[in-house]
Amino acid sequence: LAALRLVDVVKEYPGHPPVRALDSVSLQIDRGELVAIVGPSGSGKSTMLHVMGTLDRPTSGRVEIDGIELSKLSDRRLAAARARLIGFVFQQFFLLEAMTALENVANGLLYSGESKSKRLPKAARALSRVGLSHRLHHRPSELSGGERQRVAIARALVHDPAIVLADEPTGNLDSVSSESVMELLYDLHHEGRTIVVITHDRDLAAALPRQVAVSDGRLVTPSPALVAGGAR
Ligand code: ADP
Ligand code: ADP
């Protein structure tokens, strides 16, 4: 079953001439997949993240998440669908400094319709899932980089989204923390989560079960090196 489908997606940025950042991209990601979208700077990864994440509408083509065709939705319904269907993880974590880890994660439930009384217990369970039961009341400044990213992952997961989009999730981390964050993503994949990691890092991509390589706004078949590296 498809968690995400892009069908003939084109994204052009206005200009003279316009910049075609995505050129007829079609891609299906099934439920439970852990996929790397990999390509060099300027290849179209950010644009793909924006289009997949419904932060930006494609110039043409279709985007479906969990069977819902998003191009048909009004901006208001699209925002609601985004909050329900997608969990975002960013390189810069984007945690609120004035809040504890627990409160940051509970914030991930604000648009879920979850009653106020259930938000904190659910957030505590999500933090426990990422190995941070002992850090519930710490603020981001009191946590390591790897811990901050695990808080952000808990926040992305707490509302049980159809898909998690992680943009360079280890980009701000040292190699030890990076490894623990990637292991966590692997564990979540084994639990059936659908996770897309956007990265320029070929080694990181090669360690994941599936790679989708992007070059000049098009999908390319993976190079033999990537395939061999990905065989685990
Ligand atoms: P990546 O994330 O792989 O670095 P991007 O999606 O940011 O790639 O960019 C893909 C192409 O689209 C590049 O040529 C970039 O310069 C161009 N581009 C991205 N965003 C814009 C924009 N807002 N306006 C014009 N061109 C853009
Ligand atoms: P990344 O390192 O994730 O690819 P970039 O530094 O390429 O990010 O882009 C950062 C932001 O700048 C993106 O949101 C993108 O839309 C915008 N951007 C990138 N290239 C251009 C461009 N040529 N013109 C205008 N905006 C751009």
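Keep in mind that what you see is a predicted model, and the values were worked out from it rather than measured. (Residues numbered from 1 in each chain as written. Chains lettered and ligands numbered in written order. Predicted model: local features only at pLDDT ≥ 70, side-chain atom pairs only at ≥ 80, totals over all residues. Heavy atoms only, no water.)

Engineer: In this structure, what is going on with the overall build of the chain? I would like to understand it.
Structural biologist: Of the regular secondary structure elements, the chain holds eight helices and 10 strands. Whereas a compact globule of 232 residues would reach a radius of gyration of roughly 17 Å, the chain reaches 18 Å, a difference of no more than 12%. In terms of its C-alpha atoms, the chain occupies a principal-axis envelope of roughly 50 × 40 × 35 Å. In the chain, which comprises 232 residues, the share counted as buried stands at 49%. Long-range pairs, those at least 24 residues apart, make up 69% of the contacts in the chain with a sequence separation of at least 6. For the chain, the computed accessible surface area is about 11300 Å², with 51% contributed by carbon and sulfur atoms. Treating the 28 positive side-chain charges of the chain as one cloud and the 26 negative ones as another, the clouds have centres 7 Å apart. (Helix = DSSP H or I, 4+ residues; strand = E, 2+ residues; numbered from the N terminus. Rg over C-alpha atoms; globule rule 2.2 N^0.38 Å. Buried < 20%, exposed > 50% of the residue type's maximum accessible area, 1.4 Å probe, protein only. Contact = heavy atoms within 4.5 Å. Areas by Shrake-Rupley, 256 points an atom, 1.4 Å probe, with all protein chains shown as cover. Lys, Arg positive; Asp, Glu negative; His and termini not counted. Charge placed at Lys NZ, Arg CZ, Asp CG, Glu CD.)

Engineer: Could you clarify how one ought to interpret the packing of aromatic side chains in this entry?
Structural biologist: For any two aromatic rings, the description comes down to two numbers: the centre-to-centre distance and the angle of the planes. If you walk through the whole model with that rule in mind, you get two aromatic pairs. The interplanar angle of 5 degrees and the centroid separation of 5.7 Å between the aromatic rings of Phe88 and Phe90 together place this pair among those described as stacked. Exposure remark for Phe88: the relative accessible area of 16% places this residue in the buried category. Among the residues examined, Phe90 registers a relative accessible area of 22% and is labelled partly exposed. Each ring, one from Phe90 and one from Phe94, has its centre 5.3 Å from the other, and the planes form 70 degrees; the classification is edge-to-face. With relative accessibility at 48%, the residue Phe94 sits in the partly exposed group. Grouping aromatic residues by their ring pairs yields a cluster made of Phe88, Phe90 and Phe94. (Phe/Tyr/Trp six-rings, centres within 6.5 Å; stacked < 30°, edge-to-face > 60°.)

Engineer: Hey, could you run me through the pairing of strand β6 (residues 86–90) in this one?
Structural biologist: Regular strands have side chains that alternate between both faces of the sheet. In terms of burial, β6 is a largely internal element, four of the five residues being buried. Examined bridge by bridge, β6 and strand β7 (residues 163–167) share five bridges and lie parallel to one another. By the bridge assignment, Val89 is partnered in β7 with Ala166. (Pairing = 2+ DSSP bridges.)

Engineer: Would you explain the site of ligand 1 in this entry?
Structural biologist: In the region of ligand 1, the neighbouring residues are Tyr13, Val19, Ala21, Pro40, Ser41, Gly42, Ser43, Gly44, Lys45, Ser46 and Thr47. Between Pro40 and ligand 1, the recorded distance is 3.4 Å, taken from a backbone N or O atom to an oxygen atom. In isolation ligand 1 offers 560 Å² of accessible surface; the protein chains occlude 59% of this area. Contributions of two or more residues to the shell around ligand 1 are made by β2 (19–30) and α1 (45–52). In terms of residue count, α1 provides more of the shell around ligand 1 than any other element does, three residues in total. Here the residues of the shell around ligand 1 sort into four nonpolar, six polar and one charged. (Near = heavy atom within 4 Å. Polar contact = N/O pair within 3.5 Å; in protein donor to acceptor, adjacent residues only side chain to side chain. Nonpolar A, V, L, I, M, F, W, Y, C, P; charged D, E, K, R; others polar.)

Engineer: Before we go on, may I ask you to explain the environment of Leu22 in this structure?
Structural biologist: Take Leu22: it is sitting in strand β2. Separated by 188 residues in sequence, Leu22 and Arg210 have C-alpha atoms that sit 20 Å apart. Sequence-distant contacts of Leu22, defined by excluding residues within four places in its chain, comprise Val9, Val10, Lys11, Gly44, Thr47, Met48, Val51 and Gly217.

Engineer: Is there a simple way to explain the pattern of salt bridges in this structure?
Structural biologist: Oppositely charged side chains can form a pair if their charged atoms are brought close together. Summed over all chains, the structure comprises 15 salt bridges. With a closest N to O distance of 3.1 Å, Arg20 and Asp23 form a salt bridge. According to the relative accessible area criterion, Asp23 is buried, its value standing at 16%. The salt bridge involving Arg135 is made with Glu147; its shortest N-O contact spans 3.0 Å. Of this pair, Arg135 sits in the loop between α4 (116–129) and α5 (145–157) while Glu147 sits in helix α5, and the two are 12 residues apart along the sequence. According to the relative accessible area criterion, Glu147 is buried, its value standing at 10%. Taken together, the salt bridges that share partners define one network made up of Arg5, Arg62, Glu64, Glu69 and Lys72. (Salt bridge = Lys/Arg side-chain N within 4 Å of Asp/Glu carboxyl O.)

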